[in-house]
Amino acid sequence: LNSEQRKAVKQIEGPVLILAGAGSGKTATMTHRIAYMVQQGIDPRSILAVTFTNKAANEMRSRVADLVGDIYGMWIMTFHAMCLRMLRYSGEALGYRPGFTVYDETDKKALIKRICKDLGVDEKITPVALLIAVISKCKENEEGPEEYLATSKGLPQDKMIYQVYSRYQEELMTDNAMDFDDLLWNGVKLLEKEPEVLRYYSERFRYIMVDEYQDTNYLQYKLISMLASHHGNLCVVGDDDQCIYQWRGADIRNILDFENDFAGAFTVRLE
């Protein structure tokens, strides 16, 4: 590692912002940082590393294992996998039964098409793709059907979307199912509703790392902020010049405002 990478690796307490562009050794820095923490005697179970894709998570897990061997109990996974695991343990608090199903995009589309048929929705006027996009956006912003209707213009199409969205959520609960967007939203709901669950995870994960932080959306920012609120040991890595997921709610302000949101942040730029 070069001198800047070593600075990032050894700063393990408090908020840390690592600004890293393409080709700057970001993944090597992250994996060595985790290995350094383990070598310093930190329990692997107290480390949470979150990224966006299963491929990135698998690569990081493999590289950390190569450096330190056993990583049993360490969570290195995507945001959605993290929420899914928490909800598998505690989903009953939100009204789900054990063994709930997670609907993929095909399941979601089929259910919404059936609801549209039942409600007599003309798909030429209100396409299924539009309904899926609006519902997804609502969930990213923590808006249920009632909130959507209250903030809409009250047009006939808005009322139709509200009806479909309401019925969709009812059908999911009846089927004991969540969609992909529900995983993040329900993860936040769980931590907000159950202080003991939040306390457990925030005390367990004393060291949190987030990859590609510039691509986090509102819910992901909120999740991480709640988990890090107990100890403040949050390290985020990202490129402040690049944000590729704006189409699904990514907010570049999360990385630009990190030093304001987390006072006393240690910042290092990898060149």
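The structure presented is a predicted model; accordingly, all values stated were derived computationally and were not measured.

Looking only at helices and strands, the protein chain features 13 helices and eight strands. Taken over C-alpha atoms, the radius of gyration comes to 20 Å for the protein chain, in line with the 18 Å a tight globule of 271 residues would show. The principal-axis extents of the C-alpha atoms in the protein chain amount to approximately 65 × 40 × 30 Å. For the protein chain, with 271 residues in total, the buried portion stands at 51%. Taking contacts inside the protein chain between residues at least 6 apart in sequence as the whole, the part at least 24 apart equals 77%. Counting every atom, the protein chain has about 12,900 Å² of accessible surface; 50% of that belongs to carbon and sulfur. Averaged over its 32 positive side-chain charges, the protein chain has a centre that lies 2 Å from the centre of its 40 negative ones.

The subject of this paragraph is the sheet that holds strand 6 (residues 207–210). In space, the six strands of this open sheet follow the order 3-2-6-7-1-8, with parallel pairing throughout. Sheet topology places strand 3 (75–78) and strand 8 (266–270) at the edges, where each strand pairs with a single neighbour. The sheet shows a mean angle of 15° between the axes of neighbouring strands, direction not considered. Taken together, the three bridges between strand 6 and strand 7 (residues 234–238) define a ladder with parallel strand orientation. Paired with Met-209 across the two strands is Cys-235, which belongs to strand 7.

Okay, the packing of helix 4 (residues 79–90) against helix 11 (residues 218–228) next. Running from N to C, helix 4 and helix 11 cross one another at 60°; their axes reach a closest spacing of 11 Å. Here helix 4 is positioned oblique relative to helix 11, judged by the angle of their axes. The crossing of helix 4 and helix 11 is left-handed. From helix 4, Phe-79, Met-82, Cys-83 and Met-86 reach across to helix 11, where they touch Gln-220, Leu-223, Ile-224 and Leu-227. Here the contact of helix 4 with helix 11 is composed, by residue class, of seven nonpolar, one polar and no charged.

Looking now at the confidence of the model for the protein chain. Confidence in the prediction for the protein chain averages 92 pLDDT; 97% of positions are at 70 or higher. Mean pLDDT values over the elements of the protein chain span from 80, in helix 12 (residues 253–256), up to 98, in strand 5 (residues 177–179).

The rules behind the values
Residues numbered from 1 in each chain as written. Predicted model: local features only at pLDDT ≥ 70, side-chain atom pairs only at ≥ 80, totals over all residues. Heavy atoms only, no water. Helix = DSSP H or I, 4+ residues; strand = E, 2+ residues; numbered from the N terminus. Rg over C-alpha atoms; globule rule 2.2 N^0.38 Å. Buried < 20%, exposed > 50% of the residue type's maximum accessible area, 1.4 Å probe, protein only. Contact = heavy atoms within 4.5 Å. Areas by Shrake-Rupley, 256 points an atom, 1.4 Å probe, with all protein chains shown as cover. Lys, Arg positive; Asp, Glu negative; His and termini not counted. Charge placed at Lys NZ, Arg CZ, Asp CG, Glu CD. Pairing = 2+ DSSP bridges. Axes fitted to C-alpha atoms, helices over the stretch in contact; angles between N-to-C directions. Parallel < 35°, antiparallel > 145°, perpendicular 65-115°, else oblique. Left-handed = near helix turned anticlockwise from the far one by under 90°. Nonpolar A, V, L, I, M, F, W, Y, C, P; charged D, E, K, R; others polar. pLDDT = per-residue confidence, 0-100.

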